[in-house]
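Observations on the model geometry
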Amino acid sequence: MPRSDSAEGSGNSEEQVSGARVIAQALKTQNVEYMFGVVGIPVTEIALAAQELGIRYIGMRNEQAACYAASAVGYLTGRPGVCLVVSGPGLIHALGGMANANMNCWPLIVIGGSSERNQETMGAFQEFPQVEACRLYSKFSARPTSIEHIPIVIEKAVRSSIYGRPGACYIDIPADFVTLQGNVDSIWYKECCLPPPVSMAETPAVCTAASVIRNAKQPLLIIGKGAAYSHAEGSIRKLVEQCNLPFLPTPMGKGVVPDNHPNCVGAARSRALQFADVIVLFGARLNWILHFGLPPRYQADVKFIQIDICAEELGNNVRPSVTLLGDINAVSKQLLEQFDKTPWQFPTDSKWWKTLREKMKSNEAVSKELASKTTLPMNYYTVFYHVQEQLPRDCFIVSEGANTMDIGRTVLQNYLPRHRLDAGTFGTMGVGLGFAIAAAVVAKDRSPGKRVICVEGDSAFGFSGMEVETICSIPPMCLLPNSHYEQVMTAFGGKGYFVKTPEELQNSLRQALEDTSKPYLINIMIEPQSTRKAQDFHWLTRSNM
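These notes cover the structure that comes with them. (Residues numbered from 1 in each chain as written. Predicted model: local features only at pLDDT ≥ 70, side-chain atom pairs only at ≥ 80, totals over all residues. Heavy atoms only, no water.)

1. Structural notes on helix H12 (residues 328–341)
- With 14 residues, H12 should reach 20 Å at 1.5 Å per residue; the first-to-last C-alpha distance of 20 Å fits that figure.
- Listed in full, the buried residues belonging to H12 are Ile328, Asn329, Ala330, Val331, Ser332, Gln334, Leu335, Leu336, Gln338 and Phe339.
- Buried positions along H12 lie against helix H8 (203–214), helix H9 (225–229), helix H10 (233–243), strand S11 (278–282), strand S12 (303–308) and strand S13 (322–325).
- The N-cap residue of H12 is aspartate 327: its side-chain oxygen and the backbone nitrogen of asparagine 329 are 3.1 Å apart. (Helix = DSSP H or I, 4+ residues; strand = E, 2+ residues; numbered from the N terminus. Expected span 1.5 Å × (residues − 1). Buried < 20%, exposed > 50% of the residue type's maximum accessible area, 1.4 Å probe, protein only. Contact = heavy atoms within 4.5 Å. Polar contact = N/O pair within 3.5 Å; in protein donor to acceptor, adjacent residues only side chain to side chain.)

2. Some thoughts on the sheet that holds strand S5 (residues 108–114)
- Ordered in space as S3-S2-S4-S5-S7-S6, the six strands form an open sheet in which the pairing is parallel. Of all the strands in the sheet, the pair left with one neighbour each is strand S3 (56–59) and strand S6 (140–142). Direction aside, neighbouring strands of the sheet carry axes that sit 20° apart on average.
- Where strand S2 (residues 34–37) and strand S4 (residues 81–85) come together, three bridges link them in parallel fashion. Bridge assignment links methionine 35 to a residue of S4, and that residue is valine 82. (Pairing = 2+ DSSP bridges. Axes fitted to C-alpha atoms, helices over the stretch in contact; angles between N-to-C directions.)

3. Describing the packing of aromatic side chains
- The tally for this structure, following the rule as stated, stands at eight aromatic pairs.
- Seen from their ring centres, tyrosine 68 and phenylalanine 435 are 6.3 Å apart, and the 75° between their planes marks the pair as edge-to-face. Of this pair, tyrosine 68 sits in helix H3 (residues 63–77) while phenylalanine 435 sits in helix H16 (residues 432–446), placing them 367 residues apart in sequence.
- Classification of phenylalanine 435 by relative accessible area gives buried; the value is 0%.
- Pairing tryptophan 344 with phenylalanine 346 gives two aromatic rings, centres 6.4 Å apart and planes at 55°, and the pair type is tilted. (Phe/Tyr/Trp six-rings, centres within 6.5 Å; stacked < 30°, edge-to-face > 60°.)

4. Details of the state of the cysteines
- One pass over the structure, following the stated rule, counts zero disulfides.
- Cysteine cysteine 134 is unpaired, with the sulfur of cysteine 67 as its nearest cysteine sulfur at 9.2 Å.
- The thiol sulfur of cysteine 193 is not disulfide-bonded, and the nearest other cysteine sulfur, from cysteine 192, lies at 5.0 Å. (Disulfide = S-S within 2.5 Å.)

5. A short note on the nonpolar core
- Of all hydrophobic cores here, the largest spans 138 residues; its most connected members are Phe36, Ile236, Phe282 and Leu324.
- With ten residues, H3 is the largest single contributor of residues to this core.
- For phenylalanine 36, the contacting residues outside a window of four places in its chain are Tyr57, Ile58, Met60, Ala66, Ala69, Ala70, Val73, Val82, Cys83, Leu84, Ile437 and Ala438. (Core = buried A, V, L, I, M, F, W, Y, C linked by side-chain atoms within 4.5 Å.)

Given below as structure tokens:
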């Protein structure tokens, strides 16, 4: 049994434990379930130790995609996924995923191997100032000072990733720590950090917000992905129905209240934003996605009621009429209490509802007309309407690409919260397959049978298209020895060969060198267990792998 900070030990054991095992056990103690990465020197042993303790490790083809996957796990489960990367370039590839997680406010832990301590400043293999570089992209960035210090740093990283505004955290592991042995009784594992504290808004502010809503002539609720992350679907839906309020979801706020709910005005988005006189923001930020809250997309005198867990977000770009600092779900329940005490409902026959419904009807008619086109190639609306007809109601929809994502969002329906993943606040392309892999892994463990539908634009798919091999790999940490990479070249008009014998290699190489009219890809089958000749000295590392 691992020792926790509340345990008593005799201190007399001579049993040794490696740094890799300490890292894995510390993660397990913090209820970390999933790890994604690209293994190599010096982190391979960490992945193996994690697997031995029951942490799911999924080997990816690029660290960036692995980081996207780990961050999506954080959003879907509320507990950070881990992205495991090698030193230098491996970590740099992951920085895009760290930045994306921070901008989306998703919990994420990145663990990066680094050069051995006694080689620092000497030009060590892939030496890079990793802790300093990650501070720009994370909430917390640190290197343990010893094996004994590892559980303390991991607990703080996990806690920092989920407390307050969630985000990315980085832990740097020197290569010599991975295989370094320590006395098992000298390792104290911090107990699993408590769930994030739930904060509530000040009661007078909640009363004021309720009063502003009651006096609105053209109210609108905007539901952001912060509401999805806080699991506020029950309280927000009750508020929508009890008060008969129109609502507009942001892209990843879709499904908090089902898209087919009669109060959803997504089909009249521009009209709703432009003419609302009171707007309640449930975990949605007045950034570029919502046009900064400024005219001409909004009325100059619109009143914003802003609900957010982050105090620094309140008042960005527009001075709100009311600020409600707290957990979205908790504050939504506080608002409901006000309307339970004094029931109120926005009238169905109001001019505002009539305006919105007319615009929705008009826009939906235009979309249906576009979808009915029979010309070939098909347009986006035709494609998405046919896709929508077949989709299971409980599926995850992952989408990216400019028109693919934007038009798809208006046609493809979400009925459940946290079931849509896309380019998000950072507008990041290349997230799709990483997100889809994460959703599939989580769904397999928690909702068996749910399907993941990944809708990709051509350019977006190109960023991480080779992750299709990850999707097909069994077990999920290996390259497939018989993958037909040559078919990728053939698909784009080049010539491909799958080579298994010396004769095939000679013939294909000869033809490729003689023919200068097109590119060639020669995919050579290598014995999976093949390796280099025995070496007198370990190469650059103390790794035993």
